[in-house]
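In case you want the letters, here they are:
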Amino acid sequence: GTFAVTWTGYKPPKFAVTAGTLPAGVTLNQTTGALSGTPTTGTGSFPFTITATNSVGAATHTFTLTVNPAPLTVAALAASKAYGVADPASFGYSFSPALFGTDKFTGALARVAGETVGTYAINQGNLTAGNNYTISYTSALFTINAGSQTITFGPLAPVTVGSAPFALTATG
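Residues numbered from 1 in each chain as written. Predicted model: local features only at pLDDT ≥ 70, side-chain atom pairs only at ≥ 80, totals over all residues. Heavy atoms only, no water.

## Description of the pattern of salt bridges
Part 1 of the reasoning: Following the criterion strictly, the structure yields four salt bridges and no others.
Part 2 of the reasoning: Lys 81 is paired through a salt bridge with Asp 87; the nearest N and O atoms lie 2.9 Å apart.
Part 3 of the reasoning: Judged by relative accessible area, which is 7%, Lys 81 ranks as buried.
Part 4 of the reasoning: Two residues, Glu 115 and Lys 81, come together in a salt bridge whose shortest N-O distance is 2.7 Å. Placement of the pair is Glu 115 in the loop between β9 (110-111) and β10 (118-123) and Lys 81 in strand β7 (residues 79-82), with a sequence separation of 34 residues.
Part 5 of the reasoning: Residues joined by salt bridges that share partners form a network here, namely Lys 81, Asp 87, Arg 111 and Glu 115. (Salt bridge = Lys/Arg side-chain N within 4 Å of Asp/Glu carboxyl O. Buried < 20%, exposed > 50% of the residue type's maximum accessible area, 1.4 Å probe, protein only. Helix = DSSP H or I, 4+ residues; strand = E, 2+ residues; numbered from the N terminus.)

## Remarks on the layout of surface pockets
Part 1 of the reasoning: Reported here for the second largest pocket is a volume of approximately 160 Å³.
Part 2 of the reasoning: Surrounding the second largest pocket, 13 residues form its lining, Trp 7, Pro 13, Ala 52, Asn 54 and Ala 59 being those nearest its centre.
Part 3 of the reasoning: Classifying every residue of the lining of the second largest pocket by side-chain character gives eight nonpolar, five polar and no charged. (1 Å grid on protein atoms, 1.4 Å probe; cavity = no way out; pocket = protein on both sides within 12 Å on 5 of 7 lines; lining within 4 Å. Points joined across faces, edges and corners; volume = space filled by probe spheres on them. Nonpolar A, V, L, I, M, F, W, Y, C, P; charged D, E, K, R; others polar.)

Keep in mind these numbers describe shape, not what the thing actually does.
If you want it as structure tokens, here you go:
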């Protein structure tokens, strides 16, 4: 919302926060009374009082500034493996915008279970950036590709036509 202070015939007032606190990253302009900045930590409600003072006197008003969780876009990166090989230790992702201050991600992406050749969705799992963010998540696919196999035959012993059956050995 907007709150305007008007005065006539006297020097303009100076503004100050006289009770409560502004969220980190938000400042009060002492000349205009305008709040500016971007909250950098914490969500919630921040009650505070601004006092406007000039040579005639002072006036106060109490406000509550509500800081909502910041929107954060997270997109999984496609990944793959060969059939029979272990999954990667973790799945990659990109995100925007950058996290504030010392905020960090915890948890991990997870994929839909399955081990047959095919595609599986990579889901958000328990990945979070904490209560300061609302994540908009875009999934990607995890592909299990057919594995390769090499079959090697050992050397064959000589045989003659019509002789008894023979054994063929393969490895791989």
